[in-house]
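Close look at the chain arrangement
The lines below spell out each chain.
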Amino acid sequence: MAIDVAVAGGHGRIALRLLRLLAERGDRARGLVRNPDHAPDLEAAGATAVEADLEALDPEAIASGIAGADAVVFSAGAGPGSGPARKRTVDYGAAVKLIDACRAAGVARYLMVSAMGVHDPVARGPEMRPYYEAKLEADQALAASGLDYTIVRPGRLTDERGTGLVQAAPRLERGGQITRDDVAATLLACLGEPGTVGREFDLLAGETSIAEAIAAV
Ligand SMILES: NC(=O)c1ccc[n+]([C@@H]2O[C@H](COP(=O)([O-])OP(=O)(O)OC[C@H]3O[C@@H](n4cnc5c(N)ncnc54)[C@H](OP(=O)(O)O)[C@@H]3O)[C@@H](O)[C@H]2O)c1
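My aim in this report is to walk through the structure given alongside it, one point at a time. This is a predicted model, so every value here is computed, not measured. (Residues numbered from 1 in each chain as written. Predicted model: local features only at pLDDT ≥ 70, side-chain atom pairs only at ≥ 80, totals over all residues. Heavy atoms only, no water.)

1. Here's the deal with the overall build of the protein
Broken down by element type, the protein carries 7 helices and 11 strands. On C-alpha atoms alone, the protein measures out to a radius of gyration of 16 Å, which is about the 17 Å that the 2.2 N^0.38 rule sets for 217 residues. Viewed in the frame of its principal axes, the protein has a C-alpha envelope of about 40 × 40 × 35 Å. Out of the 217 residues belonging to the protein, those deemed buried represent 50%. The long-range share in the protein, meaning contacts at least 24 apart out of those at least 6 apart in sequence, stands at 67%. (Helix = DSSP H or I, 4+ residues; strand = E, 2+ residues; numbered from the N terminus. Rg over C-alpha atoms; globule rule 2.2 N^0.38 Å. Buried < 20%, exposed > 50% of the residue type's maximum accessible area, 1.4 Å probe, protein only. Contact = heavy atoms within 4.5 Å.)

2. Observations regarding the environment of Arg17
By the element assignment, Arg17 lies in helix α1 (residues 13-24). If we ignore the near neighbours within four places in the chain, the residues touching Arg17 are Asp159, Arg180, Asp181 and Ala184.

3. Side note on the pairing of strand β1 (residues 4-8)
β1 sits mainly inside the fold: 5 of its 5 residues count as buried. Covered by surrounding structure in β1 are Asp4, Ala6 and Ala8 together with Val5 and Val7, the residues of both alternating faces. Bridge count for β1 against strand β2 (residues 28-33) is 5 bridges, and the pairing is parallel. By the bridge assignment, Ala8 is partnered in β2 with Leu32. Where the polypeptide runs from β1 across α1 and back to β2, its parallel neighbour, the crossover connection is right-handed. Direction of pairing for β1 relative to strand β4 (residues 71-74): parallel, over a ladder of 4 bridges. Across the sheet, residue Ala8 finds its bridge partner in β4, namely Phe74. (Pairing = 2+ DSSP bridges. Right-handed = clockwise from strand over helix to strand, strands pointing away.)

If you want it as structure tokens, here you go:
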């Protein structure tokens, strides 16, 4: 059965890949974007753009953009060029607003694109610490929210072609990278795997099929 998914940060590089995968299999794919000029790129992926600046809007306004969705995915990010203030308002604040919007709209399922290494922000150095603190606090808020959450923590993201082969576990003891293609494919798989509800896991390139890897987390 087709599902309806709203992806926050809809013009992001993981988000566009996920929206395309959803549209290709006949699901309803909407992307929340802050810049209306990004709408044509979403339409080219088979998705619909919903204008929603997650820093500017309150949760009730965001709720109207996700109303009727079966699931949301948080894949927004302030990005490497931003300072600590926007890490708070996007990487933490927007993620938490989306939790509140889900409650207001009656959307139970929430997938978070987090990051490997969030558990020890201090170890990431003074420049990266605000980012990891924001991501960790957002993850903690989601885990405590009562929503049907899944927290996916990828390693360093690359734009190479996906392989469909990953390594996933609640905590991986090595660092590494993963393609945005494979993160998007993993998110898609999680949407169809109820066993991932209430789970959080690190994700790297590996040797296991995505279906098998997420079934084991
Ligand atoms: N880079 C890494 O190695 C790495 C590793 C692990 C996890 N992550 C996480 O992975 C996620 C996705 O990564 P990505 O590479 O796909 O990200 P990306 O390409 O940088 O996309 C992030 C998106 O967030 C949007 N955004 C920013 N502020 C917003 C706001 N106020 N309202 C709505 N949208 C807003 C941006 O929109 P604009 O285009 O309008 O700015 C952009 O489209 C992020 O959460 C990131 O923190 C990254």
